[in-house]
Amino acid sequence: MPNVTFSSPKQKKDVTVYAVAGNRSTILGLAKEHKIPVDFECQDGNCGSCAVEVLHLGNKQPMAAHLTEKEKTALVLAGKVKQAELDELVVKDLAPGWRLACQYMLLDEDIAVKF
Ligand code: FES
């Protein structure tokens, strides 16, 4: 059961929500469910408006997360990550710190989301 802590200047304080075990939602889905004002438009990984910074909490190694080509393209076009940086992270089987909230499926790990 992961804890997801949302922080933003748009909120008076950080909000931590608990995703139910087996929750197959995205960060954006969880945010909408709890009325957390993460920006979004297309909800399909195309526009990049839902880009958020994801920090892994705790001592565990972050779980591998494979980005779709659509998410990689949107993050590069949004200026959140450079293509060369993405290429290097793929080789290391790591995800970038910036992700699309509408594409990031929640895993069983605690994260902080900055938007
Ligand atoms: Fe458009 Fe997520 S809402 S990429």
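None of these values were measured; they are calculated from a predicted model.

Here is what the cut-offs are and how they apply
Residues numbered from 1 in each chain as written. Predicted model: local features only at pLDDT ≥ 70, side-chain atom pairs only at ≥ 80, totals over all residues. Heavy atoms only, no water. Helix = DSSP H or I, 4+ residues; strand = E, 2+ residues; numbered from the N terminus. Buried < 20%, exposed > 50% of the residue type's maximum accessible area, 1.4 Å probe, protein only. Polar contact = N/O pair within 3.5 Å; in protein donor to acceptor, adjacent residues only side chain to side chain. Contact = heavy atoms within 4.5 Å. Salt bridge = Lys/Arg side-chain N within 4 Å of Asp/Glu carboxyl O.

Peer 1: Report on the side chain of Glu109, specifying residues and quantitative values.
Peer 2: Inspection of the secondary structure puts Glu109 in the loop between strand S4 (98–100) and strand S5 (111–114). On the basis of relative accessibility, which here comes to 8%, the residue Glu109 falls in the buried class. One polar contact links Glu109 to His56, side chain to side chain, over a distance of 3.3 Å. Those residues in contact with Glu109 that sit more than four places away from it in its chain are Pro2, Asn3, His56, Gln61, Pro62, Met63 and Tyr104.

Peer 1: How would you explain the pattern of salt bridges if you had to name every residue and give the values?
Peer 2: According to the stated counting rule, one finds five salt bridges in the structure shown. Note that Glu69 is salt-bridged to Lys72, the shortest N-O span being 3.1 Å. Remark: Lys72 and Glu69 occur in helix H2 (residues 69–77); sequence separation between them is three residues, near one turn of the helix. A relative accessible area of 56% places Glu69 in the exposed class.

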